[in-house]
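Coordinates in review
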Amino acid sequence: MKQLPADTVRLLSSSQVITSVVNVMKELLENSLDAGASSIDVKLDNYGLDRIEVRDNGQGIKAADTSVMAVRHYTSKISSHEDLEHLETYGFRGEALGSICAVAEVAVTTKTVTDDVSIQYTLNFTGEIVSQKPSHLGQGKTHSLAPILYLQLCYLACVVFHSFFRNCLQE
Ligand SMILES: Nc1ncnc2c1ncn2[C@@H]1O[C@H](COP(=O)(O)OP(=O)(O)OP(=O)(O)O)[C@@H](O)[C@H]1O
Ligand SMILES: [Mg+2]
């Protein structure tokens, strides 16, 4: 037996969390609702196959938390399994954003009420920030993603890729 490479494990486990465009939408909308948004705008290019953008007017992400916002198992919603008995949010696993980063190019723009300006963060395959720049957007959070890439992982990616598109076509 051989241990699978970390990137392969990441891609396989992400494809269990993120199975389709609808599933990406569900995760992002749940995050917006958990953030207290009263307005959520969604834009899909080519039914979400080329680009998905979700913009909300929720509380946004504190500057201190942005570096871990898409790192798997980081969440602001629970601190331990005991909190599961009193859940008040849709999300709690700290899985969704990190999993989306493994299968899509992701940019997150966020601003809290105390921030002067919003910042757009570009995330990599493992959910780490690779670049950031000021943005004109108002309070809340915007996700912009371009599914689906990492074709250089070739055969393995093709398996995930095909199952993703098969699900998309069925939807
Ligand atoms: N639209 C948003 N507005 C404000 N904060 C957000 C938003 N989306 C995500 N976050 C923050 O990023 C964290 C990670 O989001 P992610 O969806 O990966 O995990 P989660 O919602 O905690 O759990 P789950 O994986 O079950 O959805 C959240 O815990 C939250 O703090
Ligand atoms: Mg979530």
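Residues numbered from 1 in each chain as written. Chains lettered and ligands numbered in written order. Predicted model: local features only at pLDDT ≥ 70, side-chain atom pairs only at ≥ 80, totals over all residues.

The protein chain is annotated in an unreviewed UniProt entry as PMS1 homolog 1, mismatch repair system component from Cynoglossus semilaevis.

The terminal C-alpha atoms of helix α2 (residues 21-34) lie 20 Å apart, and with 14 residues this matches the ideal 20 Å at 1.5 Å per residue to within 8%. Following α2 by one or two positions, Gly36 adopts a phi angle in the positive range, close to 80°. (Helix = DSSP H or I, 4+ residues; strand = E, 2+ residues; numbered from the N terminus. Expected span 1.5 Å × (residues − 1).)

Let us look at unusual backbone geometry. We note that Asn46 has phi near 50°; this positive angle belongs to a residue other than glycine. Asn46 sits in the exposed class, given 8 other C-beta atoms within 10 Å. Backbone geometry places His73, a non-glycine residue, at a positive phi of 75°. Within the element layout of this structure, His73 appears in the loop between β2 (51-56) and α3 (96-103). Residue class for His73 comes out exposed when judged on the 9 C-beta atoms lying within 10 Å of it. (Buried ≥ 20, exposed ≤ 12 C-beta atoms within 10 Å, placed from the backbone.)

Turning next to the site of ligand 1. Taken together, 23 residues are adjacent to ligand 1, and Asn31, Ala35, Thr75, Ser76 and Gly91 come closest. The greatest single-element share of the shell around ligand 1, amounting to four residues, is contributed by α2. For the shell around ligand 1, the residue count by class is six nonpolar, 10 polar and seven charged. (Near = placed C-beta within 6 Å. Nonpolar A, V, L, I, M, F, W, Y, C, P; charged D, E, K, R; others polar.)

Packed helices, taken two at a time, are described by the angle their axes make and the gap between the axes. Between helix α1 (residues 6-17) and α3, the least distance of the axes is 8 Å, while the angle of their chain directions is 120°. Seen along the crossing, α1 lies across α3 with a hand that is left-handed. Counted together, Arg10, Leu11, Ser14, Ser15 and Val17 of α1 and Ala96, Ser99, Ala102 and Val103 of α3 form the full contact between these two elements. By residue class, the composition of the contact of α1 with α3 is five nonpolar, three polar and one charged. (Axes fitted to C-alpha atoms, helices over the stretch in contact; angles between N-to-C directions. Left-handed = near helix turned anticlockwise from the far one by under 90°. Contact = placed C-beta atoms within 7 Å.)

The next subject is the confidence of the model for the protein chain. Looking at the protein chain as a whole, its pLDDT mean stands at 83, while 84% of the residues score no less than 70. Per-element averaging of pLDDT across the protein chain places helix α4 (residues 154-170) at the bottom with 48 and strand β5 (residues 129-135) at the top with 93. Low pLDDT, under 50, characterises residues 148-162; the predicted model gives this stretch 17 contacts beyond four residues in sequence or across chains. (pLDDT = per-residue confidence, 0-100.)

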